[in-house]
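# Descriptive structure summary
Here is what each chain is made of, one letter per residue.
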Amino acid sequence: MSTHSEINQRRRFLKTGLLGSGGLLLGFNWLTGCTNNTAGHVDADSGPELPDTWQDINAYLKIGNNGTVTIYTPNPEFGQGVMTAMPMILAEELDVDWKDVISEQAPFNAEKFGFQFTGGSRGIMSRWAGLRQAGATARQMLITAAAQQWEVPVNEVSTKAGRLFHSASDRSAGYGEVATIAATLPMPEEVPLKEIKDFSIIGNSKKNVQGRQIVTGHPLFGIDYRKEGMLTAMIVHPPSFGQKFHRIRNLDEVKGMPGIRDVFHFQTYKDGFEKGGFDTNAFPELVAIVGDSTWPVMKAKKALLVDWQEQEAFVESINGFRGKTTRNVPTGLENSTDHESRMKEMAAIPGREVRKDGDPERAFQSATKVLERSYSAPFLAHNCMEPMNAFAHVEGDKVWIAGPLQAPGMIEPTIAARMDIPVENIDIEMTRMGGGFGRRAYSHYMLEAALISQQVKAPVQLIYSREDDMTNGIYRPAYHATYRAAIDENGQLTALHIKAGGVPESPLFANRFPAGSVDNYLAEEWSIDSNITIGAFRAPRSNFMAGAEQAFLDELAEELGKDPIDFRLELLDRAKENPVGEQNDYDPERYAGVLKLVRKKSGWGEGDQDLQRGVSAYFCHNSYAAHVLDLKIEDGKPVVQKVTCAIDCGIVVNPDAAANMAEGGIVDGVGNALYGELTFTDGKPDKNNFDTYRMIRMNEAPKEIDVHFVPSEIDPTGLGEPPFPPVFGAMANAIYKATGERRYRQPFWGEGLKG
Amino acid sequence: MTSYQIEVNGKARQVNADPDTPLLWVLRDNLQLVGTKYGCGVGSCGACTVHVDGFAMRSCQLPLDQVGEQSITTIEGLSEHGNHPVQRAWLDHDVAQCGYCQAGQIMTVSALLNHSPNPDDAEIEATMSGNICRCGTYTRIKAAIKSIDSVG
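Residues numbered from 1 in each chain as written. Chains lettered and ligands numbered in written order. Predicted model: local features only at pLDDT ≥ 70, side-chain atom pairs only at ≥ 80, totals over all residues. Heavy atoms only, no water.

### Overview of the overall build of chain B
- Secondary structure summary: chain B contains five helices and five strands in total.
- Scaling as 2.2 N^0.38, a compact globule of 152 residues should have a C-alpha radius of gyration of about 15 Å, and chain B matches this with 15 Å.
- The principal-axis extent of the C-alpha atoms belonging to chain B is close to 45 × 30 × 25 Å.
- Counting all 152 residues of chain B, 61% fall into the buried class.
- Counting contacts in chain B only where the partners sit at least 6 residues apart, residues at least 24 apart contribute 56% of the total.
- On chain B, the mean spot of the 10 positive side-chain charges and the mean spot of the 16 negative ones are 8 Å from each other. (Helix = DSSP H or I, 4+ residues; strand = E, 2+ residues; numbered from the N terminus. Rg over C-alpha atoms; globule rule 2.2 N^0.38 Å. Buried < 20%, exposed > 50% of the residue type's maximum accessible area, 1.4 Å probe, protein only. Contact = heavy atoms within 4.5 Å. Lys, Arg positive; Asp, Glu negative; His and termini not counted. Charge placed at Lys NZ, Arg CZ, Asp CG, Glu CD.)

As structure tokens, then:
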């Protein structure tokens, strides 16, 4: 059933999605050529046959005279599988055979495709209704075209797998045969969508449409972009946060090195520039080295001597998602040890009250027992395998950009403002990303490449070295949270108190579970200013809070003598039957659903006494995930035997790919929970490459991961992020079972820690 | 700059570059073979893995002047139509997420199987732990490897 507002949303989606259909695909050619993404042909040598002519039906699809259909994926692909899943949604309603589908990344065009963004696990969720409608209206236009051609009533024409049928006269035609007429027809306002039970593509696993290109090393990524006459550029940035450029000491020497075209200093923003929400950037003053190819530039980068100076304190104004805000950026070279002690100080004094239910002060005063525990986690670097990079070519007042980025619509106005070039003259091509995890939402490197190209008057590819990528980061912040529980003389939980903060932001979600399940509740937060840049990292804030909360609930359950799953279900039952407060942002029933499913699938409590297992559940990005993690300590090292996972993310479009992403989120969680850490000494990151930054590797990954989805007919919700946060809690709880010792400080198995 | 003749994917190729240029950048910048990926430049991630005389090597650690007569195979030359058993197994298990590290993973596995057609879990883990997958596809990589009977 569609609500009125949903229908309006769909109409809006289609209207914007259809403006200027038939638009030309802009952008450069890959020098080595780009074969089609062969949706249904991943195992074959070639994709669907290319037609002689194409007809644009709407912005999202065109149909060839031979029946081949090209579907454009509006959102950028960073490995989450949208280039497969989004066309599946459209193809379902279009009623076309998957083997006839070609998937292509749409051009960046906000007028045609709306907000082309990858992040916040919102891709499928935000495109679901629109892509269905785009497919269904196109199908209706094809039906009408066939009815006109055959001179039969529209309601007598049916479709199946890319063909139109009129059974009374025993006629049939392929979509390609009527596409020319269909393209001239008006777009129907609203057409009925398929019943969920009739889905034949959605819910049936399809392989990654770029799988064949990936395994054959085809150029797909930004870093693979090539253009005739292209130069290579790298940047040099201050080694420490809290520093800025002073002067280059040996400019002429480095300029004269073989293969070097230019070395210069530049500013990424104009003075007084008001930043947008994704313009986070620690080092807006850089040195660029431009040369003929990568190695000479790397050698020049090593030879370059730059003096840096202290960056004085400043206040930055940002016009972002929460309106206009300011950020206090202190001066000084920061240390992680200071961060830790300052976080402890802040945790010991009252914070800013965000939510209060009942009378928590009184409940704590009259408690027979108070359980109080504090949790902390360090900064983390994203470490996408493909380092930040961008291709740019500036010619006069025209800018061409190509590369890996999550939010092209957010960097375009920044480029326009810096270069005094209207947005219409900026063309951005979204390439496949070698990972993103939030980092590529902040695509300052695109603007940097454009400024370098403008300076050297040539097409340029800017590549960050791994060291640049890791030390010029927009990190997951360091966090701290203190949980307190009041227990009365009957052994009942009477109050909960959460006080959370971080450097430089608070991770608190005051209205999430367990808010709503306890009569007396207090949530407070605090933050400590820092000049270290932070930003979205897979499930921002949730990736810490889930671990702290779920470890605390585990210890609390033990204190109350309850099974950890039963205890959570009791709280959720209370939140469902008689919720405290009115702003609880979770559905207790769906929350309980994943816990019940993971209990069943993991065989929890069924003769598992010998297993050393921890449970955890969390809700974020509109979806619910629960894990049971089985751990063994072997030779003093933690070995994850198995993770059983239950997820409720509504309808699952591409189940096997969805399971893959959940598996990846779990591996990512295990790695960061056990080993992930970036510390700072005098403002300088202590690690700058994979020889020192400990990334999870195959021998440390879970031996087995078993993913289950709650069967659902609810519209899809997030999946890229939700399975990640609860891993931290499951790991903490399993470590306790395996070692008898609770660990409160991440990483749980960092340097110097033994089993 | 020095002129070198090296054998890549069965063909003699002429390249002009400094002797200390890592093979990685010769492949990517001089020969436009961009399937071999830059990940760390210090031999710690495996994204740049190629075969040198049939053995897996990190191309970021092999200077051009040390290539000599050795035969280099990159992901582009692993099979003619992308139908090497390892590539097929990767497609069957739909291993890739972002896909950036997978060429290196595939080159490491295919070299392993050249010398040890039926590796056990311990051998797979020992060999593959030099290749980082940030997306965390390790369980699929392992399942894909184990599904390959033998490359014979």
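### Brief notes about the overall build of chain A
- From N to C terminus, chain A includes 18 helices and 30 strands.
- Scaling as 2.2 N^0.38, a compact globule of 755 residues should have a C-alpha radius of gyration of about 27 Å, and chain A matches this with 27 Å.
- C-alpha atoms of chain A, sized along the principal axes, occupy 85 × 75 × 50 Å.
- Split into buried and exposed, the 755 residues of chain A put 63% on the buried side.
- In chain A, the proportion of contacts linking residues at least 24 apart, taken out of those at least 6 apart, comes to 77%.
- Split by element, the accessible area of chain A, about 28,200 Å² in all, is 47% carbon and sulfur.
- Distance between charge centres in chain A, computed from 78 positive and 100 negative side chains, equals 2 Å. (Areas by Shrake-Rupley, 256 points an atom, 1.4 Å probe, with all protein chains shown as cover.)

### Looking at the domain arrangement of chain B
Residue and element names in this part refer to chain B.
- Segmenting chain B into domains produces domain 1 (2-77) and domain 2 (85-147).
- Computed over C-alpha atoms only, the centres of domain 1 and domain 2 are separated by 21 Å.
- Across the boundary between the two partners, domain 1 contributes 17 residues, which contact 14 residues of domain 2.
- Viewed at the interface, domain 2 and domain 1 are joined by zero salt bridges.
- In this structure, the connection of domain 1 to domain 2 is made through six residue pairs in polar contact (both at pLDDT 80 or more).
- At the level of elements, strand 3 (49-52) and strand 4 (55-58) are the ones that each hand at least two residues to the side of domain 1 that touches domain 2.
- Grouping the constituent residues of the side of domain 1 that touches domain 2 by class yields seven nonpolar, eight polar and two charged. (Domains from an automatic or database assignment. Salt bridge = Lys/Arg side-chain N within 4 Å of Asp/Glu carboxyl O. Polar contact = N/O pair within 3.5 Å; in protein donor to acceptor, adjacent residues only side chain to side chain. Nonpolar A, V, L, I, M, F, W, Y, C, P; charged D, E, K, R; others polar.)

### So, the domain arrangement of chain A
Residue and element names in this part refer to chain A.
- Taken domain by domain, chain A holds domain 1 (4-215), domain 2 (222-314 + 388-463) and domain 3 (350-380 + 475-739).
- Between the C-alpha centres of domain 2 and domain 3 there is a distance of 38 Å.
- Taken together, the two surfaces of domain 2 and domain 3 that pack against each other cover about 880 Å², and 59% of this comes from carbon and sulfur.
- If you sort the residues of domain 2 by the area they bury against domain 3, F241, F437 and Y442 come out on top, with a joint share of 58%.
- If you look at where domain 2 meets domain 3, you find zero salt bridges.
- Scanning the region where domain 2 abuts domain 3 turns up four residue pairs in polar contact (both at pLDDT 80 or more).
- Among the residues making up the side of domain 2 that touches domain 3, the classes are represented as five nonpolar, five polar and one charged. (Buried area = accessible area lost by both parts, 1.4 Å probe.)

### Structural notes on the interface of chain B and chain A
- The partner chain A presents 62 residues to the 51 residues of chain B that form the contact.
- Where chain B abuts chain A, roughly 4,800 Å² becomes buried across the two surfaces, and 56% of that area is made up of carbon and sulfur atoms.
- The tally of links from chain B across to chain A stands at nine salt bridges.
- The partner of R226 of chain A in a salt bridge is D29 of chain B, and the shortest N-O contact between them spans 3.8 Å.

### Considerations on unusual backbone geometry
Residue and element names in this part refer to chain A.
- The step from V503 to P504 runs through a cis peptide bond, and the omega angle for that step is 0°.
- Tracing the chain through its elements places P504 in the loop between strand 23 (493-503) and strand 24 (520-527).
- With an omega of 10°, the peptide bond between F513 and P514 qualifies as cis.
- With respect to the secondary-structure elements, P514 resides in the loop between strand 23 and strand 24.
- If you check the backbone angles, E151 has positive phi at about 55° while not being a glycine.

### Here's the deal with helix 15 (residues 564-577) of chain A
Residue and element names in this part refer to chain A.
- Here helix 15 spans 20 Å end to end across 14 residues, near enough to the 20 Å set by a 1.5 Å rise per residue.
- When we look at burial in helix 15, the residues that qualify are P564, I565, F567, R568, L569, L571, L572 and A575.
- Measuring from the backbone nitrogen of I565 back to the side-chain oxygen at the start of helix 15 gives 2.9 Å, which picks out D563 as the cap. (Expected span 1.5 Å × (residues − 1).)

### Concerning the pairing of strand 26 (residues 623-634) of chain A
All names here are of chain A.
- The buried fraction of strand 26 is high, at nine of twelve residues.
- Examined bridge by bridge, strand 25 (residues 613-620) and strand 26 share eight bridges and lie antiparallel to one another. The partner of R613 across the bridge, within strand 26, is D630.
- Counting the residues in the hairpin turn of strand 25 and strand 26 gives two residues, including H621, whose phi is positive at 50°.
- Summarising the sheet, strand 26 and strand 27 (residues 637-648) pair through eleven bridges and their orientation is antiparallel. Looking at the pairing, A625 lines up with I647 of strand 27.
- Adjacent in sequence and paired antiparallel, strand 26 and strand 27 are bridged by two residues, among which D635 carries a positive phi angle near 50°. (Pairing = 2+ DSSP bridges.)

### Quick notes on the nonpolar core
- Ranked by size, the top nonpolar core spans 209 residues in total, and within it I452, M545, L556, L629 and M731 of chain A together with W90 of chain B carry the most contacts.
- With sequence-adjacent residues up to four places away left out, W90 of chain B is seen in contact with V215 of chain A together with V95, Q102, Q105, I106, V109, I141, A144 and I145 of chain B.
- M83, Y175, A179 and I202 of chain A belong to the second largest nonpolar core, which has 49 residues in total. (Core = buried A, V, L, I, M, F, W, Y, C linked by side-chain atoms within 4.5 Å.)

### Let's talk about the sheet that holds strand 17 (residues 369-377) of chain A
All names here are of chain A.
- Across the sheet, five strands lie side by side as 16-24-23-22-17; this open sheet has mixed pairing. If you trace the sheet from one side to the other, it starts and ends with strand 16 (352-357) and strand 17, each paired once. The mean angle between the axes of side-by-side strands here comes to 10°, regardless of whether they run parallel or antiparallel. (Axes fitted to C-alpha atoms, helices over the stretch in contact; angles between N-to-C directions.)

### So, the packing of aromatic side chains
- Evaluation of the coordinates by the stated rule reveals 30 aromatic pairs over all chains.
- With 5.2 Å between their ring centres and 85° between their planes, F221 of chain A and Y100 of chain B make a pair best called edge-to-face. Taken as a pair, F221 of chain A in the loop between helix 6 (211-215) and strand 8 (231-236) and Y100 of chain B in the loop between helix 2 (85-92) and helix 3 (102-115) lie in two separate chains rather than in one. Residues F221 of chain A and Y100 of chain B agree in their burial class; the two are buried.
- Ring geometry for Y225 of chain A against F391 of chain A: centres 5.0 Å apart, planes inclined by 40°, an arrangement best described as tilted. With Y225 of chain A in the loop between helix 6 and strand 8 and F391 of chain A in strand 18 (residues 389-395), this pair connects stretches of sequence that are 166 residues apart.
- Connected via pairs of aromatic rings, a cluster forms that spans F115, F117, F278, F321 and Y442 of chain A.
- Positioned above the aromatic ring of F437 of chain A is the side chain of R134 of chain B, whose terminal nitrogen or guanidinium carbon lies 3.8 Å from the ring centre. (Phe/Tyr/Trp six-rings, centres within 6.5 Å; stacked < 30°, edge-to-face > 60°. Lys NZ or Arg CZ within 6 Å of the ring centre and 35° of its normal.)

### Some words on the environment of G222 of chain A
Residues and elements named next belong to chain A.
- Following the sequence through the fold, G222 ends up in the loop between helix 6 and strand 8.
- Each C-alpha atom of the pair G222 and I463 lies 9.7 Å from the other, and the pair is 241 residues apart in sequence.
- The contact partners of G222, leaving out residues within four places of it in the chain, are E386, N389, G403, P404, T431, R432 and Q461.

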